[in-house]
Amino acid sequence: MAVDIYKYLREDKLPHIWCPGCGHGTILNSLVRAIDQTDIDPDKTVVVSGIGCSGRAPGYLKFDTLHTTHGRAIAFATGIKLANPELNVIVLTGDGDGSAIGGNHLIHGCRRNIDLTVILFNNQIYGMTGGQYSPMTPTGAVATTSPYGNIDQDFDLVDLTRSAGATFVARGATYNPRQMTKLYKEGLEHKGFSFIETLDQCPVNYGRKNNIGGPTEMLDWQKEHTVPASKWEKMPEEEKEGIFPLGVIHRKDDPESEYTARYQQIIDSFAKEDE
Ligand SMILES: Cc1ncc(C[n+]2csc(CCOP(=O)(O)OP(=O)(O)O)c2C)c(N)n1
Ligand code: SF4
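Let me sum up the structure you'll find in this document. (Residues numbered from 1 in each chain as written. Chains lettered and ligands numbered in written order. Predicted model: local features only at pLDDT ≥ 70, side-chain atom pairs only at ≥ 80, totals over all residues. Heavy atoms only, no water.)

Regarding the side chain of Asn-150
- Structurally, Asn-150 can be placed in the loop between β4 (116-122) and α5 (157-164).
- By relative accessible area, Asn-150 is classed as buried at 3%.
- Among the polar contacts listed, one links the side chain of Asn-150 to the backbone oxygen of Thr-137, at a separation of 3.0 Å.
- In contact with Asn-150, other than residues within four places in its own chain, are Tyr-133, Thr-137, Pro-138, Thr-139, Gly-140 and Ala-141. (Helix = DSSP H or I, 4+ residues; strand = E, 2+ residues; numbered from the N terminus. Buried < 20%, exposed > 50% of the residue type's maximum accessible area, 1.4 Å probe, protein only. Polar contact = N/O pair within 3.5 Å; in protein donor to acceptor, adjacent residues only side chain to side chain. Contact = heavy atoms within 4.5 Å.)

Let's talk about the packing of aromatic side chains
- Using the criterion set out here, one finds 4 aromatic pairs in the structure.
- Look at Trp-18 and Tyr-60: their rings are 5.3 Å apart centre to centre, the planes differ by 75°, and that puts the pair in the edge-to-face class. One end of the pair, Trp-18, is in the segment before α1 (24-37); the other, Tyr-60, is in the loop between β1 (45-49) and β2 (64-67), with 42 residues separating them in the sequence.
- Both rings, one in Trp-221 and one in Phe-244, keep their centres 6.4 Å apart while their planes meet at 55°; by these two values the pair is tilted. Linking Trp-221 in helix α8 (residues 215-224) with Phe-244 in strand β8 (residues 244-251), this pair joins segments that are 23 residues apart in sequence.
- In this structure, Lys-240 packs its charged tip against the face of Trp-232, placed 4.9 Å from the ring centre. (Phe/Tyr/Trp six-rings, centres within 6.5 Å; stacked < 30°, edge-to-face > 60°. Lys NZ or Arg CZ within 6 Å of the ring centre and 35° of its normal.)

Observations concerning the environment of Ala-57
- Considering the arrangement of structural elements, one finds Ala-57 in the loop between β1 and β2.
- Ala-57 sits 41 residues away from His-16 along the chain, and the two C-alpha atoms are 8.8 Å apart.
- If we ignore the near neighbours within four places in the chain, the residues touching Ala-57 are Trp-18, Leu-28, Leu-92 and Phe-121.

Quick word on the pattern of salt bridges
- In the structure shown here, the tally under the stated rule is 12 salt bridges.
- Glu-186 is the salt-bridge partner of Lys-182, the closest N and O atoms lying 3.4 Å from each other. Residue Lys-182 and its partner Glu-186 are both found in helix α6 (residues 177-189); the two are separated by 4 residues, about one turn of the helix.
- Its relative accessible area of 21% is what places Glu-186 among the partly exposed residues.
- The closest approach of N and O atoms between Arg-251 and Asp-253, which form a salt bridge, is 3.1 Å.
- One network of salt bridges, with partners in common, ties together Lys-81, Asp-115, Lys-191 and Glu-258. (Salt bridge = Lys/Arg side-chain N within 4 Å of Asp/Glu carboxyl O.)

Some remarks on the site of ligand 1
- Taken together, 17 residues are adjacent to ligand 1, and Cys-53, Ser-54, Gly-96, Asp-97 and Gly-127 come closest.
- One nitrogen or oxygen atom from the side chain of Asp-95 is found 3.2 Å from an oxygen atom belonging to ligand 1.
- Separating an oxygen atom of ligand 1 from a backbone N or O atom of Gly-127 is a distance of 2.8 Å.
- In the complex, 73% of the free accessible area of ligand 1, which totals 600 Å², lies under the protein chains.
- At 4 residues, the largest contribution of residues to the shell around ligand 1 is made by helix α3 (residues 95-101).
- When grouped by side-chain class, the residues that make up the shell around ligand 1 number 6 nonpolar, 9 polar and 2 charged. (Near = heavy atom within 4 Å. Areas by Shrake-Rupley, 256 points an atom, 1.4 Å probe, with all protein chains shown as cover. Nonpolar A, V, L, I, M, F, W, Y, C, P; charged D, E, K, R; others polar.)

Some details on the site of ligand 2
- Surveying the vicinity of ligand 2 reveals the residues Trp-18, Cys-19, Cys-22, His-24, Cys-53, Asn-123, Gly-127, Cys-202, Pro-203 and Asn-205.
- Looking at side-chain class alone, the shell around ligand 2 contains 6 nonpolar, 4 polar and no charged residues.

Re helix α2 (residues 73-83)
- Taken residue by residue, α2 has Ala-73, Ile-74, Ala-77, Thr-78, Ile-80 and Lys-81 as its buried positions. Buried positions in α2, seen along its axis, are confined to an arc of 165° and lie on one side of it. (Arc of directions from axis to C-beta.)

Description of the pairing of strand β3 (residues 88-94)
- Taken across its 7 residues, β3 has 6 buried, putting it largely inside the fold.
- Pairing between β1 and β3: 5 bridges, direction parallel. Bridging from a neighbouring strand, Val-47 pairs with Ile-90 of β3.
- Here β3 runs beside β4; their pairing, made up of 6 bridges, is parallel. In the sheet register, Ile-90 faces β4, and the bridge partner there is Thr-117. (Pairing = 2+ DSSP bridges.)

Here it is, written out as structure tokens:
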């Protein structure tokens, strides 16, 4: 069914700032479609970001939005959710924003299992500031700060968030927007910390410097380096190297373990004592 995505966009903020072929618009489009498929109330929805090209995404959305400081989106979002647990709080963050400077907030958001939906735009690079390497830049990749090849090991954010306590963990890729929409919808409807990493493309500061090519070749690269999570589980270990599972990777439905629900229990117990 056709979706009028413009009803969710601040048209006066368009055109957007993103380069031609950037994957960030695909993520925004899929998010809007996912929201459209849920019954969440737009008047009770807040979208929060940090800084970066990805950090500009909430500015185009017709919700209450907050463009915060670099890496701090989850900290601000935690405050919003605690102050008013009725709100649906969505965090849009880049791989630099969410896994480098904001890495600690990500871990502790997962640990608390607070009901946020975090979508991480993983273009494997600091896009906005000219292509410095991030914790998601693969070992050996060229960046402006690793002209001879990156010697760091990259994170697996799906493993990280799962072991830190997130109760919904998934991975999508911009070559498959239908799946992204499905994963975002499930993440939005999940009560607890939802983390959806999305493989994304920055043709300007990553693709061309690493001889992958332009946007089309980068999407082909994603297709060649991903498999459905169900297939991944059955693959021999030696075949998994360099391949990413896509889909829902981990899910635990236990609304009572959610942070604001547990906080409310304490408030209620003190209210009873005062009666
Ligand atoms: C405290 C602080 N440190 C550094 C910066 C500079 N800075 C702005 S955006 C950015 C990189 C963003 O990269 P990423 O989060 O991966 O998002 P992308 O631009 O790729 O979407 C950096 C380092 C800043 N604004 N504030
Ligand atoms: S620099 Fe990269 S991440 Fe930023 S808008 Fe351009 S293509 Fe997208």
